[in-house]
Amino acid sequence: MKLLISERGRILLGVLGLAVSFHLKGLPVLFLTAALMIFVGYPVFLDALRGILRRDLLDEKFLMTVASLGAFLLGEYVEGVGVLLFFTVGEYFEHRAVARSRGSIRALMDIRPDSATVLRFGEELRVDADEVAVGETIVLVAGERIPVDCRVLSGDALVDTSAVSGESIPVRASCGRELLSGCVILDGRLTAEAIAEADDSAAARILELVEEASDNKAKQEAFITKFSRVYTPLVVGFAALFGGVLPLILALCGVGEVGALYLEYGKRALTFLVVSCPCALVISVPLSFFGGIGGAASAGILFKGGNRLSAIAHPTVVAMDKTGTLTKGEFSLLSLSPACGVEQEYLLWAAAMAEQGSRHPIALALRRAYTGEKPLSPPDALHEYAGRGVVAEFAGRAFLVGNRALLTENGVALPDSAEGTVLVAEEGRYLGALTLGDAVRPEAKEAISRLRALGVRRFVMLTGDSPAHAEGVAHALGFDECFAALLPEGKYAHVEALSEHESLLFVGDGMNDAPVLARADVGVAMGGIGSDAAIEAADAVILSDDLLHLPQAVRIARKTLRIAQENIVFALVVKLATLALIASGVFSNMWFAVFADVGVAVIAILNAMRAMHTPRSKPCLEGETNG
Ligand code: ADP
Ligand code: MG
């Protein structure tokens, strides 16, 4: 229901009205405060009524209604208005805080573009983004949001990738560059080939993750929900005894006159009700996590829920995949070693043809490297084995492209000289090997030393690549251990052993990493290069593939947890102290209760909002990485 007066309007009205009422006496006070009760409190009363109709008696609106109306009926007119006024102030702060942290998440929500310009039969047509098929040519102009993941065919443009990656510096895109949907063209004009449908593109994937995030509550959040389910009825029951039964007993014992006792203890019981509202906890703890997730999202790190965020706060071991995670996954072909009697071009054709269905970085490089005359027609059947390679059938012949394990498992006899990044076989006969090179990410070393500074004791590399290559990279980056030539099940076994006694953070990108990402205490996937399976299985995703986001994610998680804990302790201590003071009669004034309650809520909310401001990571300077 649309409310007639805004929260801010009601607060102003309430403050003004109360200021005036302090200068009045007698009946005018009664009339003025009665009017204020209605003006300031009607949304609260209406919600309480709805709560009663839903049989949800113990919600905070109900508590506030009973407390304020009770105070009014007991003759404490100004206090009655005060309760409502301060409650409204608390709500105002809550709504503002929620709106702000929603804002950064909504910025991500906005990235889904709805239309695209495609080139069909030489004409530019405007269609729904959903209608763009893989392989179609799309036209991108300045100001446009990229509708589907695509590869640039021609043109030159400046692209703002911040919505997808959190990177604030625009990148220049020209022929061959892959662009993710959701990014915005700043200037220039491009034609590009769609490489994914809208539903499989980056923007849609990110949105799904964001939606998933709100369902996963952190331990602390779940605790609060359970806590308030016990706490509120307990305090309300106590208040009922205090205000309803105790005066009668005291009167029977001859302590005083029944009416006076009821008035005195009734007031205390109402004050109790005000304090019994667990608003500060109920609002501020989930808000802290919400803020942390929102803040991380605006920095390009997507957490799939509060529980995932808290899981990454204190890793003691970090295990990382190599290809695509520590390296860029932009392979280039370095050398070909065909077996005796095999032509180089045929070897490369076989590899490129078999890899047509794969999105593995090696597959992309092999397809790019092939420039021969024999056309690359798609194979008749294809199967990709994660962490091993591909098996393709072409013109009735079986081709194998992958590592040593793939070939030997399929009965290919390998000569001793067979050495390379991938080996190729046709119909059980070894065709040769191809060696590909990949560059280490420039920020990898810095990211590792920052994680070490944050308390990670051990770094382990788990890779499917050959030991010779992997060990060089592991040593250069300062890893403590390196396990190479691992098949997916090998990675899994290592991760299982590692996470037995330690808190394990695993970072990976490939299909072969998906089981491990799910098994580790916390799994982080590379969002740009990462396979769908990895992104799906991970607890968090680094959208821009920048490894420096790892230490940043740890810091965001720590800050968020700290804030949530501060709020829990602060609110509990103040509440319990207030209850004790009221019960013992040191303070029975309702103002005191209102201040304690709303004050705590507002302070806790403001504190929770700090979680939204992410500790920014320092950029990795050239040269710093070598140090
Ligand atoms: P990691 O990321 O752990 O290093 P990879 O995904 O690169 O593991 O796979 C390990 C090895 O398996 C590669 O070095 C390569 O030999 C082989 N492999 C995996 N997928 C493919 C593929 N699509 N084509 C060729 N070889 C592959
Ligand atoms: Mg990998």
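All values reported here derive from a predicted model rather than from experimental measurement. (Residues numbered from 1 in each chain as written. Chains lettered and ligands numbered in written order. Predicted model: local features only at pLDDT ≥ 70, side-chain atom pairs only at ≥ 80, totals over all residues. Heavy atoms only, no water.)

Side-chain pairs of opposite charge can arise whenever the charged atoms involved come near each other. Under the counting rule described, the total for this entry stands at 25 salt bridges. Of the charged contacts in the structure, one is a salt bridge between glutamate 566 and arginine 610, with a shortest N-O distance of 3.3 Å. With glutamate 566 in helix H20 (residues 549–583) and arginine 610 in the segment after helix H21 (590–609), this pair connects stretches of sequence that are 44 residues apart. Accessibility expressed as a relative area gives 33% for glutamate 566, which makes it partly exposed. With relative accessibility at 35%, the residue arginine 610 sits in the partly exposed group. A network of salt bridges, in which partner residues are shared, links Asp47, Arg50, Lys61 and Glu91. (Salt bridge = Lys/Arg side-chain N within 4 Å of Asp/Glu carboxyl O. Helix = DSSP H or I, 4+ residues; strand = E, 2+ residues; numbered from the N terminus. Buried < 20%, exposed > 50% of the residue type's maximum accessible area, 1.4 Å probe, protein only.)

Looking now at the sheet that holds strand S20 (residues 540–542). In space, the 7 strands of this open sheet follow the order S8-S20-S19-S18-S9-S16-S17, with mixed pairing throughout. Single-partner strands in this sheet number two, and they are strand S8 (301–303) and strand S17 (481–483). In this sheet, adjacent strand axes meet at a mean angle of 20 degrees when their direction is disregarded. (Pairing = 2+ DSSP bridges. Axes fitted to C-alpha atoms, helices over the stretch in contact; angles between N-to-C directions.)

Within the protein, Asp321 (OD), Thr323 (O) and Asp509 (OD) serve as the donor atoms for the magnesium ion (ligand 2), at 2.2 to 2.3 Å. Read in sequence order, the donor residues for the magnesium ion (ligand 2) give the motif D-x1-T-x185-D. Residue classification places aspartate 321 among the buried positions, given a relative accessible area of 4%. (Donors = N, O, S within 2.8 Å, 3.2 Å for Na, K, Ca; no water.)

Moving on: the packing of helix H8 (residues 258–276) against H20. With their axes 10 Å apart at the nearest point, H8 and H20 run at an angle of 175 degrees to one another. Here H8 lies roughly antiparallel to H20, going by the angle between them. Facing Arg268, Thr271, Phe272 and Val275 of H8, the residues of H20 in contact are Lys575, Thr578, Leu579, Ile582 and Ala583. (Parallel < 35°, antiparallel > 145°, perpendicular 65-115°, else oblique. Contact = heavy atoms within 4.5 Å.)

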